[in-house]
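Given next are the chains, with one letter for each unit.
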Amino acid sequence: MDDDGHYNHLRFQQLMTQMTQRGIRFVVASGNHYPHLPPYFQDIKGDITYVAENGAYIVDEEIVLSEDVIAPDLVKKSVKLAGK
């Protein structure tokens, strides 16, 4: 991707096809929230795994494999401490 978040979709699809034929899995790894990522690849055919939110949310073929959340009581304690 360039600095504006664009890439050559046709070229990428060619690479994706080659990777699939060779048994290579394409993984998007990003600190962004998961819903922000799939639109970049909506016209790409092939299996994509997303490791989003710095690894806290992992999705493979639209199935959530892992989701790490902070317990609500810990959030409340943290907010209280931050307010002091």
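Rules used throughout
- Residues numbered from 1 in each chain as written.
- Predicted model: local features only at pLDDT ≥ 70, side-chain atom pairs only at ≥ 80, totals over all residues.
- Heavy atoms only, no water.
- Core = buried A, V, L, I, M, F, W, Y, C linked by side-chain atoms within 4.5 Å.
- Buried < 20%, exposed > 50% of the residue type's maximum accessible area, 1.4 Å probe, protein only.
- Helix = DSSP H or I, 4+ residues; strand = E, 2+ residues; numbered from the N terminus.
- Contact = heavy atoms within 4.5 Å.
- Pairing = 2+ DSSP bridges.
- Axes fitted to C-alpha atoms, helices over the stretch in contact; angles between N-to-C directions.
- Expected span 1.5 Å × (residues − 1).
- Arc of directions from axis to C-beta.
- Polar contact = N/O pair within 3.5 Å; in protein donor to acceptor, adjacent residues only side chain to side chain.
- Salt bridge = Lys/Arg side-chain N within 4 Å of Asp/Glu carboxyl O.

**Student:** An account of the nonpolar core is requested, with residue identities and associated values reported.
**Tutor:** Among the nonpolar cores identified, the biggest contains 15 residues, and Phe12, Met16, Phe26, Val28, Phe41, Ile48 and Tyr50 are the most heavily contacted of them. Secondary structure elements with two or more residues in this core: helix 1 (9-21), strand 1 (26-29), strand 2 (48-52) and strand 3 (57-60). Leaving out residues up to four positions away in the same chain, Ile48 has contacts with Met16, Arg25, Phe26, Val28, Phe41, Val59, Asp60 and Glu61.

**Student:** Can you lay out the sheet that holds strand 1 for me, pointing to particular residues and giving the numbers?
**Tutor:** Spatial strand order, 1-2-3-4: four strands in an open sheet with mixed pairing. Among the strands making up the open sheet, the edge pair consists of strand 1 and strand 4 (63-67). Pairs of neighbouring strands in the sheet enclose a mean axial angle of 15°, with direction left out of account. Where strand 2 and strand 3 come together, four bridges link them in antiparallel fashion. Across the sheet, Ala52 pairs through a bridge with Tyr57, a residue of strand 3.

**Student:** Now, about helix 1: what can you tell me, with residues and values included?
**Tutor:** Every α-helix carries 3.6 residues per turn, so stepping three or four residues along brings you back to the same face. With 13 residues, helix 1 extends 18 Å between its outermost C-alpha atoms, agreeing within 8% with the 18 Å of an ideal straight helix rising 1.5 Å per residue. Here helix 1 has its buried residues at Phe12, Gln13, Met16 and Met19. Down the axis of helix 1, the smallest arc covering the buried residues is 120°, so these residues share one side. Those residues of helix 1 that are exposed and angled more than 90 degrees off the buried face are Leu10 and Gln21. Lining the buried residues of helix 1 we find strand 1 and strand 2. Where helix 1 starts, the residue carrying a side-chain oxygen 3.2 Å from the main-chain nitrogen of Leu10 turns out to be Asn8. A positive phi of about 75° marks Gly23, the residue just after helix 1.

**Student:** Can you explain the pattern of salt bridges? Please cite residues and give values.
**Tutor:** Tallying each qualifying case throughout the model produces three salt bridges. As a salt-bridge pair, Asp47 and Arg25 come within 3.6 Å of each other at their nearest N and O atoms. With Asp47 in the loop between strand 1 and strand 2 and Arg25 in the loop between helix 1 and strand 1, the pair connects residues that are 22 residues apart, well separated along the chain. Between Asp60 and Arg25 there is a salt bridge, and its shortest N-O distance comes to 2.1 Å. In this pair, Asp60 is assigned in strand 3 and Arg25 in the loop between helix 1 and strand 1, connecting sequence segments 35 residues apart. Residue classification places Arg25 among the partly exposed positions, given a relative accessible area of 34%.

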